[in-house]
Amino acid sequence: MAVPIAVLDCDLLLYGRGHRTLDRFKLEDVTDEYLVSTYGFPRQFICYLVDLLGTTLSRPTQRSRAISPETQILAALGFYTSGSFQTRMGDAIGISQASMSRCVANVTEALVERASQFIHFPKDEATVQSLKDDFYGLAGMPGVLGVVDCTHVAIKAPNAEDLSYVNRKGLHSLNCLMVCDSRGVLLSAETHWPGSLPDCTVLEQAALTSQFETELHKDGWLLGDSSFLLRTWLMTPLHIPETPAEYRYNMAHSATHNVIERTLRTIRSRFRCLDGSKGTLQYSPEKSSHIILACCVLHNISLQHGLDVWSAPATGHMEQSEEEYEQMESVDSEACRVRQELLLTHFS
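The rules behind these values
- Residue numbers here run from 1 along each chain, matching the order of that chain's written sequence.
- With pLDDT at 70 or above as the cut-off, local features in this predicted model cover only qualifying residues; side-chain atom pairs require 80 or more to be listed or tallied, and sums for whole chains, interfaces and linings still use all residues.
- For side-chain calculations, the full set of non-hydrogen atoms in the structure is used, while hydrogens and water are omitted.
- UniProt positions are given in the numbering used here, feature names are shortened, and annotations may be inferred rather than shown by experiment.
- Only runs of H or I of at least four residues qualify as helices and only runs of E of at least two qualify as strands under DSSP, and these elements are numbered from the N terminus.
- Each residue is assigned to one of three classes by its accessible area relative to the maximum for its type, calculated with a 1.4 Å probe on protein chains only: buried under 20%, partly exposed between the two thresholds, exposed over 50%.
- Contacts are assigned to residue pairs with any non-hydrogen atoms lying within 4.5 Å of each other.
- All accessibility values rest on the Shrake-Rupley procedure with a 1.4 Å probe; residue burial counts only the protein chains present in the view.
- For two strands to be treated as a pair, DSSP must find at least two bridges joining them.
- In this description, a line fitted to the C-alpha atoms serves as the axis of each element, helices being fitted only across the stretch in contact, and the angle between N-to-C directions of two axes falls anywhere from 0 to 180 degrees.
- Note on definitions: salt bridges are taken to be side-chain nitrogens of Lys or Arg within 4 Å of carboxyl oxygens of Asp or Glu.
- By arc we mean the arc of the directions from the helix axis to the C-beta atoms, nothing more.
- An angle below 35 degrees is read as roughly parallel, one above 145 as roughly antiparallel, one from 65 to 115 as roughly perpendicular, and any other as oblique.
- Each crossing is labelled by how the near helix is turned from the far one, with a counterclockwise turn of less than a right angle marking it left-handed and a clockwise turn marking it right-handed.
- Under the convention adopted here, Pro, Cys and the residues Ala, Val, Leu, Ile, Met, Phe, Trp and Tyr are nonpolar, Asp, Glu, Lys and Arg are charged, and Gly plus all remaining residues are polar.
- Each residue carries a pLDDT value, the predictor's own confidence for that position, ranging from 0 to 100.
- Only centres within 6.5 Å qualify two rings of Phe, Tyr or Trp (six-membered ring in Trp) as a pair; their planes then separate them into stacked at under 30 degrees, edge-to-face at over 60, and tilted for everything else.

- Looking at an unreviewed UniProt entry, the protein carries the name Putative nuclease HARBI1, with the source organism given as Ficedula albicollis.
- Checking UniProt for the protein, the heading Sequence similarities (unreviewed entry) contains the comment "Belongs to the HARBI1 family."

Here's what the structure looks like:
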């Protein structure tokens, strides 16, 4: 005899069919101050996300009471910016904690699908030249197409390949490779690398390396710190500067490279789910990687909308790369020649 199984709607059990949710009133019913304090972003930004993601988030569902795109986006933003599935967050928009989790998953995947739309290097010559000019204006470093660094985001211990995610501090993490421009706009974000990999290995295996060695401009370079190997397209600081020109080069390099360090700090400040203050991301490495990438997409959209993401206060849980790296010395003679020519031409 077949036994019927009832599929229960958590929201229906908790609130009943008559519960008033944000499905049933407009964003105009609440103030900008409330939206910013609760969800981290103003009304105009949230409305833009609804337009951008609405079709994807309105996919057919078998649930008797589908959650609107607006509510899904607010739930996800609440999690990204607070790092918590607190009951009060679900209460504010009239959904259960289980539904909050589903909303975060839906919005995260919708943002990841659009990552290449918002995170990419410019290709037309005028924009590339403008990119270099903006970097040059910071500290006089010529030819810079981006600044690169790695940062670790703590995750729960995965069930499989556990040790591959254990970093040098003994914590489970993802090592994320990021590149940004002079304004902090991300040009590349690879968020899936296991925490056990050192920065230089991440870069060696990254799509970014293939991109620069096969496709991108030969008359420019990225700036990276001493955890990376010097390459013709990646300028690193001199380990032991000796001449005035070498000191000037290192000072310009440090001042310019500081942009990515500041950008990584502020991404964690805005998206508290990444900063460790509420614990590690309680997801698989793949899902955690997608959440990080979704936050990166939102970071770039924030800048497009003129939001001053650098005004957010830094938190006490900020960390750059977990590794205590040794100074990497390049054996690439051509890369050494390129850096020496840069020294003689612009810093002597």
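## A look at the overall build of the protein
- Scanning the protein for helices and strands turns up 13 helices and five strands.
- Of all 348 residues assigned to the protein, the portion counted as buried reaches 54%.
- Across the protein, contacts joining residues at least 24 apart in sequence account for 71% of those joining residues at least 6 apart.
- For the protein, the exposed area adds up to about 16700 Å²; of that, 53% sits on carbon and sulfur atoms.

## A word on the sheet that holds strand β3 (residues 186-194)
- Strand order in the open sheet made by the five strands is β3-β2-β1-β4-β5, with mixed pairing throughout. Only two strands of the sheet have a single neighbouring strand rather than two, namely β3 and β5 (234-235).
- As paired elements, strand β2 (residues 173-180) and β3 share six bridges and run antiparallel to each other. By the bridge assignment, Leu174 is partnered in β3 with Pro194.
- The strands touched by helix α8 (residues 125-139) are β1 (144-154), β2 and β3; relative to β1, the strand with the most contacts, the crossing angle is about 75°.
- On the sheet, helix α11 (residues 244-270) packs against β1, β2, β3, β4 (221-223) and β5 and is oriented at approximately 45° with respect to β1.

## So, the pattern of salt bridges
- With the rule as written, the count across this model stands at seven salt bridges.
- When the shortest N-O distance is used, the salt bridge between Glu113 and Arg114 registers 3.8 Å.
- Taking the relative accessible area as the measure of exposure, Glu113 reaches 47% and is therefore partly exposed.
- In the salt-bridge network here, residues are joined through shared partners; they are Glu334, Arg337 and Glu341.

## Things to note about the pairing of β1
- β1 sits mainly inside the fold: 10 of its 11 residues count as buried.
- As paired strands, β1 and β4 are joined by three bridges and run parallel to one another. Bridge pairing in β4 links Val147 to Leu223.
- Bridge count for β1 against β2 is eight bridges, and the pairing is antiparallel.

## Considering the environment of Leu163
- By the element assignment, Leu163 lies in the loop between β1 and β2.
- For Leu163 and Gly195, which are 32 residues apart along the polypeptide, the C-alpha to C-alpha distance reads 9.1 Å.

## Some remarks on the environment of Arg43
- Along the polypeptide, Arg43 turns up in helix α3 (residues 43-57).
- Along the primary structure Arg43 and Glu33 are separated by 10 residues, whereas in three dimensions their C-alpha atoms are 9.3 Å apart.
- Those residues in contact with Arg43, other than ones at most four positions away along the chain, are Leu27, Glu28, Val30, Thr31, Asp32 and Leu35.

## Some details on helix α2 (residues 32-39)
- By the burial criterion, the buried members of α2 are Leu35, Thr38 and Tyr39. Along the axis of α2, the buried residues cluster in a sector spanning 85°; they form a single face. Residues Glu33 and Ser37 are exposed on α2 and point more than 90 degrees away from its buried face.
- Looking one or two residues past α2, Gly40 carries a phi angle of roughly 85°, positive in sign.

## Description of the packing of α8 against α11
- Packing of α8 against α11 leaves a shortest axis separation of 8 Å and a crossing angle of 120°. Overall, the two elements α8 and α11 adopt an arrangement that is oblique. For the pair α8 and α11, the crossing hand works out as right-handed. The residues of α11 that touch α8, namely those facing Phe135, Leu138 and Ala139, are Ala252, Ala255, Thr256 and Val259.
- Broken down by class, the residue content of the contact of α8 with α11 amounts to six nonpolar, one polar and no charged.

## Brief notes about the confidence of the model for the protein
- Summing up the model confidence of the protein, the mean pLDDT is 85 and the portion of residues at 70 or higher is 80%.
- Within the protein, the lowest mean pLDDT, 40, falls on helix α1 (residues 10-15), and the highest, 98, falls on helix α7 (residues 115-118).
- Low confidence marks residues 1-25, where pLDDT is under 50. Its contacts with residues over four positions away, or in another chain, come to 41 contacts.
- Scored below 50 in pLDDT, residues 314-325 makes 38 contacts in the model with residues more than four places away or belonging to other chains.

## Notes on the packing of aromatic side chains
- Overall, the coordinates contain eight aromatic pairs when judged by the stated rule.
- With centroids separated by 6.4 Å and ring planes inclined at 75°, the aromatic side chains of Phe79 and Tyr283 adopt a geometry described as edge-to-face. Of this pair, Phe79 sits in helix α4 (residues 69-82) while Tyr283 is found in the loop between α11 and α12 (285-304), placing the two residues 204 residues apart along the sequence.
- The class of Phe79 is buried, set by a relative accessible area of 5%.
- Judged by its relative accessible area of 16%, Tyr283 is buried.

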